[in-house]
Amino acid sequence: AMYVARPVVAARAGGNLELIRDGWNGFFYTPGDSWELAQKLRVLHEDQALRHQMGHNGARWAAQHCTEARYADRVLAAVRSARRHHEDGPHAG
């Protein structure tokens, strides 16, 4: 959604906490709280200026943080960490 300049409405859980800044590029709602979810969607539906600003903020954030190069760096870091863990583990040597 952020890549196409749309605000995100996401459950306040898991990886969403790393991606969304509540009120800046989207909204959080409490998992399982459909009334709160509906209220957040209503705000975005009724406030075009807010919707556009949050979408713009999200698009800028995604362009900076969700690049192929950054993803590749994270994958390589995870592989290196796993290799070190394996080499230093109980079966090492």
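Residues numbered from 1 in each chain as written. Predicted model: local features only at pLDDT ≥ 70, side-chain atom pairs only at ≥ 80, totals over all residues. Heavy atoms only, no water.

A. Structural context of the nonpolar core. Counting 8 residues, the largest nonpolar core is built from Met-2, Val-8, Ala-10, Ile-20, Trp-24, Phe-28, Trp-61 and Ala-62. For this core, the elements supplying multiple residues, two or more each, are β1 (8-11) and α3 (48-65). Sequence-distant contacts of Phe-28, that is, excluding residues within four places in its chain, are made with Ala-10, Ala-11, Arg-12, Asn-16, Leu-17, Ile-20, Asp-22, Glu-36 and Lys-40. (Core = buried A, V, L, I, M, F, W, Y, C linked by side-chain atoms within 4.5 Å. Buried < 20%, exposed > 50% of the residue type's maximum accessible area, 1.4 Å probe, protein only. Helix = DSSP H or I, 4+ residues; strand = E, 2+ residues; numbered from the N terminus. Contact = heavy atoms within 4.5 Å.)

B. Layout of the packing of helix α2 (residues 34-46) against α3. Interaxial distance between α2 and α3 falls to 5 Å at its minimum, and their mutual angle equals 100°. By the angle class used here, α2 and α3 are roughly perpendicular. Here α2 contributes Val-43, Leu-44, His-45 and Glu-46 to the contact with α3, which in turn contributes Gln-48, Leu-50, Arg-51 and Met-54. (Axes fitted to C-alpha atoms, helices over the stretch in contact; angles between N-to-C directions. Parallel < 35°, antiparallel > 145°, perpendicular 65-115°, else oblique.)

Purely spatial values, then, with no claim about function.
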